[in-house]
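For reference, the chains in residue letters:
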Amino acid sequence: RIKRVLDGDRDSGGFSGVAHGNHSRASVRERLYFVRISDFWRLMDDEFGSGYSRVLGGSLVLAGVGGRTAAQALAAGVNPRDIWLAVCDVQDVPEERRLGRDIKPRQSGPDLA
């Protein structure tokens, strides 16, 4: 199942973000199962800033996705996860930052103050 998800098989129940469970021995590539386009841009914005991420996305040519820019690769249907990892490789993003920043869950409901 993990191999099918990593290979981009959307029918296998892939989801956006990281897998749940023990991550201590899993690599970043194994934990980044499937990234949606919106998640790709959130990761880019978090790492490079909202303005510069769009400049990189439109101008940085990535050999890892066929010599295309991120914007061209997204338009061609390349998996955003593969594009993100290609950007990380070219820009030397450290492994510990490739999963993005932690997002705290929203707290709502009558019991929460």
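All residue numbers refer to positions counted from 1 along the written sequence of the respective chain. Local features in this predicted model are restricted to residues of pLDDT 70 or higher, and side-chain atom pairs are both shown and tallied only at a pLDDT of 80 or more, whereas totals for entire chains, interfaces and linings draw on every residue. Computation of side-chain values: all heavy atoms of the structure, hydrogens and water removed.

**Q** I tried to follow the packing of helix H3 (residues 37–48) against helix H6 (residues 80–91) on my own but got confused; where do I start?
**A** The relative placement of two packed helices is expressed as an angle between their axes plus a distance between the axes. Only the contacting stretch of a helix is used when fitting its axis, a line to C-alpha atoms as for every element, and angles between N-to-C directions run 0 to 180 degrees. Counting from the N terminus, the helices are DSSP H or I runs at least four residues long and the strands are E runs at least two residues long. Across the interface, H3 lies against H6 with an axial gap of 9 Å and an inter-helix angle of 20°. As summarised for this structure, H3 and H6 are arranged roughly parallel, according to the angle between their axes. In the packing of H3 onto H6, the handedness of the crossing is right-handed. Judged by residue contacts, Ile37, Phe40, Leu43, Met44, Glu47 and Phe48 of H3 engage Pro80, Ile83, Trp84, Val87 and Gln91 from H6. When residue character is reported, Ala, Val, Leu, Ile, Met, Phe, Trp, Tyr, Cys and Pro are called nonpolar, Asp, Glu, Lys and Arg charged, and the others, Gly included, polar. Here the contact of H3 with H6 is composed, by residue class, of nine nonpolar, one polar and one charged. Orientation categories follow fixed angle ranges, with anything under 35 degrees roughly parallel, anything over 145 roughly antiparallel, 65 to 115 roughly perpendicular, and all other angles oblique. Two helices that cross are described as forming a left-handed crossing if the nearer one is turned anticlockwise from the farther one by less than a right angle, and a right-handed crossing if clockwise. By definition in these notes, contact holds between two residues if any of their heavy atoms fall within 4.5 Å.

**Q** For this particular structure, what's the right way to read the packing of H3 against helix H4 (residues 50–59)?
**A** Taken N-terminus to C-terminus, the directions of H3 and H4 make an angle of 120°; their axes are 7 Å apart at the nearest point. Read as a crossing pair, H3 and H4 show a hand that is right-handed. Residue-level inspection shows Trp41, Met44, Asp45 and Phe48 of H3 in contact with H4, the latter providing Ser50, Tyr52, Ser53, Arg54, Leu56 and Gly57. When grouped by side-chain class, the residues that make up the contact of H3 with H4 number five nonpolar, three polar and two charged.

**Q** Got a minute to help me understand the environment of Phe48 in this structure?
**A** Of note, Phe48 is situated in helix H3. You can call Phe48 buried: its relative accessible area is 17%. Separated by 45 residues in sequence, Phe48 and Val93 place their C-alpha atoms 10.0 Å apart. Excluding anything up to four places from it in sequence, Phe48 contacts Ser53, Leu56, Trp84, Val87, Gln91 and Val93. A 1.4 Å probe rolled over the protein chains alone gives each residue an accessible area, and that area as a share of the maximum for its type sets the label: buried under 20%, exposed over 50%, partly exposed in between.

**Q** For this particular structure, what's the right way to read H4?
**A** For an α-helix, 3.6 residues make a turn, and residues three or four places apart therefore share a direction. Within H4, the full set of buried residues consists of Ser53, Leu56 and Gly57. Buried residues in H4, looked at end-on, bunch into an arc of 100°, giving them a common side. Residues of H4 that are buried make contact with H3, strand E4 (68–69), helix H5 (70–75) and H6. For this quantity, the arc is that covered by the directions from the helix axis to the C-beta atoms.

**Q** Hey, could you run me through the nonpolar core in this one?
**A** Generally speaking, nonpolar side chains in soluble globular proteins are found buried as a group. For the purposes of this section, nonpolar cores are sets of buried Ala, Val, Leu, Ile, Met, Phe, Trp, Tyr and Cys residues that join through side-chain atoms within 4.5 Å. By size, the foremost hydrophobic cluster in this structure holds 21 residues, and its most contacted members are Phe40, Met44, Phe48, Leu62, Val65, Ile83 and Trp84. The element contributing the most residues to this core is H6, with six residues. In this view, Leu62 contacts Gly67, Arg68, Ala70, Ile83, Ala86, Val87 and Val90; residues no more than four positions away in its chain are not counted.

**Q** Would you mind showing me how to read the pattern of salt bridges here?
**A** Note on pairing: side chains with opposite charge can pair once their charged atoms come close. For this document, the term salt bridge refers to a Lys or Arg side-chain nitrogen within 4 Å of an Asp or Glu carboxyl oxygen. Scanning all chains against the criterion turns up five salt bridges. Between Asp46 and Arg42 there is a salt bridge whose closest N-O contact spans 3.5 Å. Of this pair, Asp46 and Arg42 both sit in helix H3, four residues apart, which is roughly one turn of the helix. According to the relative accessible area criterion, Asp46 is partly exposed, its value standing at 31%. By relative accessible area, Arg42 is classed as partly exposed at 25%. Among the ionic pairs, Asp89 bridges to Arg98, the shortest N-O distance being 2.9 Å. We classify Asp89 as partly exposed; its relative accessible area is 38%.

These figures capture arrangement, not role.
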